There are 2 protein chains.
Amino acid sequence: MNFCSQCGAEVIFKVPAEDNRPRHICIRCDAIYYVNPKIVTGCIVEWEGKILLCKRAIEPRYGFWTLPAGFIEIGETTVQAALRETLEEANATVDIIDLYLVINLPYVDQVYMIYRSRLAKMEFSPGSESLEVKLYKEEEIPWDTLAFPTIRETLLYYFRDKADGRFLFRTGDIIKENNQFIFHPGPGVMGV
Amino acid sequence: MNFCSQCGAEVIFKVPAEDNRPRHICIRCDAIYYVNPKIVTGCIVEWEGKILLCKRAIEPRYGFWTLPAGFIEIGETTVQAALRETLEEANATVDIIDLYLVINLPYVDQVYMIYRSRLAKMEFSPGSESLEVKLYKEEEIPWDTLAFPTIRETLLYYFRDKADGRFLFRTGDIIKENNQFIFHPGPGVMGV
């Protein structure tokens, strides 16, 4: 950031009065710019024991498989955003079951929230950001070509919980260490 | 937003190519500015059946009672932010139990996430953003001078779950309608 987006003057990077971390501050109008992590939300979509995956038609990770998900927009709730992303990326209308998983991704300043859902009707097709949309059985999941570590952790939990006959609310952090992604579960598991 | 914070030129507000909603775009360098909801996270702090509340020393809602909570910062996880806010506002060190509640607040473009926690030791005092910090029994909670509708909903769920002898992960939306705040629970309750 180089210029104040309100008045166009230069900004400096320093700790504002009564704050404890540096922000961009306008040298003319004193506007302070706060930058915060963003929420990515989407759905794990079930249909007759299968899970809907989308092959990405955009970078990053063009050609890799993902769950329908994206950034929550101004004015939306996380549920509305998850439904919209599922409609945009997979042309799929779903019924939300519950919020299943919240994972922090501090290496990209994102918090990832995934809802469990079911297809409202057996209809889906690639949206503009997808090359292909497909229902996968557990034994068919393309583990080696999943787009992001979050997708892997979500699917691992999902199939483990499914085998156990009940779904627990899952949380954790994915930390990038020495160019590897390490998953740290918790804290806490509700219902256990 | 009037000026590009990268190059200082003017911005226009229009739908970018391959997007479906208007953004501020620089007329010179084509930078696109995305604005998204923010996460507020904090703790419900327990100690021997009581709950820690902070009397706000800042606007909005100066002098009203709240849970220690605030915006997650760049580089943090939600757990780290909740611990930091609890330390800053109440000089309290806590042990996190689990993520208890996620509420959407689309009227202020925030998502509110509250962790259950316990005081690690019986020590607390007002931080710079608090006038007073106090442990409250359920029957002492100052319901009429709570700072925000989220605090009320969190405490209502907390004491209801406590009476039932188990805590369930809670979600919902608070919608502002005709200047009133209406709480819509769900979807889903894990473990039920």
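Remember, predicted model here, so these are calculated numbers, not experimental data. Throughout this document, residue positions are counted from 1 along each chain, in the order its sequence is written. Going through the entries in the order they are written, you letter the chains from A and number the ligands from 1. Confidence filtering applies because this is a predicted model: local features only for residues at pLDDT of at least 70, side-chain atom pairs given and counted only at 80 or more, and all residues used for totals across whole chains, interfaces and linings.

Colleague: Help me understand the overall build of chain A in this model?
Modeller: By the criteria applied, helices consist of DSSP H or I runs no shorter than four residues and strands consist of E runs no shorter than two, each listed in order from the N terminus. Along the backbone of chain A there are two helices and twelve strands. Expressed along its principal axes, the backbone C-alpha trace of chain A runs to roughly 60 × 40 × 30 Å. Residues are treated as contacting if the C-beta atoms built from their backbones sit within 7 Å of each other. Taking the intrachain contacts of chain A between residues at least 6 apart in sequence as the baseline, contacts between residues at least 24 apart amount to 57%.

Colleague: In this structure, what is going on with the relation of the copies chain B and chain A? I would like to understand it.
Modeller: Superposition of the two copies of the chain requires a rotation about an axis together with a shift along that axis. You can overlay chain B on chain A at an RMSD of 0.0 Å; the transform is a turn of 180° with a shift of 0.0 Å along its axis. The superposition operator between the copies reduces to a two-fold rotation axis. Comparing contact sets, 100% of the residues at the interface of chain B also lie at the interface in chain A, consistent with an isologous, same-surface contact. Copies are brought into register by a least-squares superposition over C-alpha atoms of residues with pLDDT of at least 70 in both.

Colleague: In this structure, what is going on with the interface of chain B and chain A? I would like to understand it.
Modeller: When the parts of a complex come together, some accessible area is lost, and that lost area is often taken as the interface size. Taken together, the 39 residues of chain B in the interface contact 39 residues of chain A. Of all the secondary-structure elements, those providing two or more residues to the side of chain B that touches chain A are strand 4 (38-47), helix 1 (78-90), strand 8 (94-105) and strand 11 (170-177) of chain B. When residues of the side of chain B that touches chain A are assigned to their parent elements, the largest contribution, six residues, is made by strand 8 of chain B. Three categories are distinguished: nonpolar for Ala, Val, Leu, Ile, Met, Phe, Trp, Tyr, Cys and Pro, charged for Asp, Glu, Lys and Arg, and polar for the others, with Gly belonging to the last. Across the side of chain B that touches chain A, the residue classes break down as 20 nonpolar, twelve polar and seven charged.

Colleague: Is there a simple way to think about the sheet that holds strand 1 (residues 11-14) of chain A in this case?
Modeller: Remark on secondary structure: sheet strands pair via backbone hydrogen bonds, oriented parallel or antiparallel. All names here are of chain A. Strand pairing is assigned whenever DSSP detects at least two bridges linking the two strands. In space, the three strands of this open sheet follow the order 1-2-3, with antiparallel pairing throughout. The strands lining the two open edges of the sheet, one partner per strand, are strand 1 and strand 3 (32-33). Judged from the four bridges that link them, strand 1 and strand 2 (residues 23-26) form a sheet pairing that is antiparallel. Considered in strand 2, the bridge of valine 11 is made with cysteine 26.

Colleague: Looking at this model, I keep getting lost on the environment of Arg23(B). Mind explaining?
Modeller: Here Arg23(B) is to be found in strand 2 (residues 23-26). C-alpha of Arg23(B) to C-alpha of Ser128(B): the two residues are 105 residues apart in sequence and 37 Å apart in space.

Colleague: I keep staring at the nonpolar core and nothing clicks. Help me out?
Modeller: Generally speaking, soluble globular proteins have nonpolar side chains that are buried together. Counting residues in hydrophobic clusters, the biggest one holds 90 residues, and the most contacted among them are Ile114(A) and Ile114(B). With residues up to four places along the chain from it excluded, the contact list for Ile114(A) reads Gly42(A), Cys43(A), Ile44(A), Leu67(A), Tyr100(A), Leu101(A) and Thr154(A). Nonpolar core, as used here: buried Ala, Val, Leu, Ile, Met, Phe, Trp, Tyr and Cys residues forming one set through C-beta atoms within 7 Å. For every residue, the other C-beta atoms within 10 Å of its own C-beta are counted; 20 or more classify it as buried, 12 or fewer as exposed, and values in between as partly exposed. C-beta atoms are placed from the backbone.

Colleague: What is the right way to read helix 2 (residues 149-164) of chain B from this model?
Modeller: Because the α-helix completes a turn every 3.6 residues, residues three or four places apart line up on one side. Residues and elements named next belong to chain B. The terminal C-alpha atoms of helix 2, which comprises 16 residues, lie 23 Å apart, in line with the 22 Å expected from a rise of 1.5 Å per residue. Turning to helix 2, its buried residues are Thr150, Ile151, Glu153, Thr154, Leu155, Tyr157 and Tyr158. Where helix 2 is buried, its residues touch strand 4, strand 6 (65-66), strand 8, strand 9 (110-119), strand 11 and strand 12 (180-185). A positive phi of about 80° marks glycine 165, the residue just after helix 2. The span you would expect from a helix comes to 1.5 Å times its residue count less one.

Colleague: Teacher, can you tell me more about the sheet that holds strand 3 (residues 32-33) of chain B here?
Modeller: Residues and elements named next belong to chain B. The strand order across the open sheet formed by three strands is 1-2-3, and the pairing between neighbours is antiparallel. The open sheet is flanked by strand 1 (11-14) and strand 3, the only strands paired with a single partner. Alignment of strand 2 against strand 3, held across two bridges, turns out to be antiparallel. Bridged to isoleucine 25 within strand 3 is isoleucine 32.

Colleague: Honestly, the domain arrangement of chain A in this entry has me stumped. Any pointers?
Modeller: Here chain A is partitioned into domain 1 (1-35) and domain 2 (38-185). Using C-alpha coordinates to define each centre, domain 1 of chain A is positioned 36 Å away from domain 2 of chain A. As used throughout, domain bounds are those supplied by an automatic or database domain assignment.

Colleague: Help me understand unusual backbone geometry, please; the structure alone is not making it clear to me.
Modeller: Note: most residues except glycine have negative phi, and most peptide bonds are trans. Residues and elements named next belong to chain A. Residues glutamate 59 and proline 60 are joined by a peptide bond in cis, for which omega reads -5°. Residue proline 187 is reached from glycine 186 by a cis peptide bond, and omega for that bond is 10°. Mapped onto the elements, proline 187 comes out in the segment after strand 12 (180-185). Of note, the phi angle at asparagine 178 is positive, near 50°, even though the residue is not glycine. Examined against the element boundaries, asparagine 178 turns out to sit in the loop between strand 11 (170-177) and strand 12. Taking the C-beta count within 10 Å as the criterion, asparagine 178 has 5 such neighbours and is therefore assigned exposed.

Colleague: What's the story with the environment of Lys162(A) in this structure? I'm lost.
Modeller: Tracing the chain through its elements places Lys162(A) in helix 2 (residues 149-164). With 60 residues separating them along the chain, Lys162(A) and Val102(A) place their C-alpha atoms 18 Å apart.

Colleague: Whenever I open this one, the pairing of strand 8 (residues 94-105) of chain A confuses me. Can you help?
Modeller: Remember that side chains alternate between the two faces of the sheet whenever the strand is regular. Residues and elements named next belong to chain A. Both strand 8 and strand 9 (residues 110-119) contribute to a ladder of ten bridges, which runs antiparallel. Bridge pairing links isoleucine 96 to serine 117 in strand 9. Between strand 8 and strand 9, which follow one another and run antiparallel, lie four residues, and aspartate 109 among them has a positive phi close to 50°.

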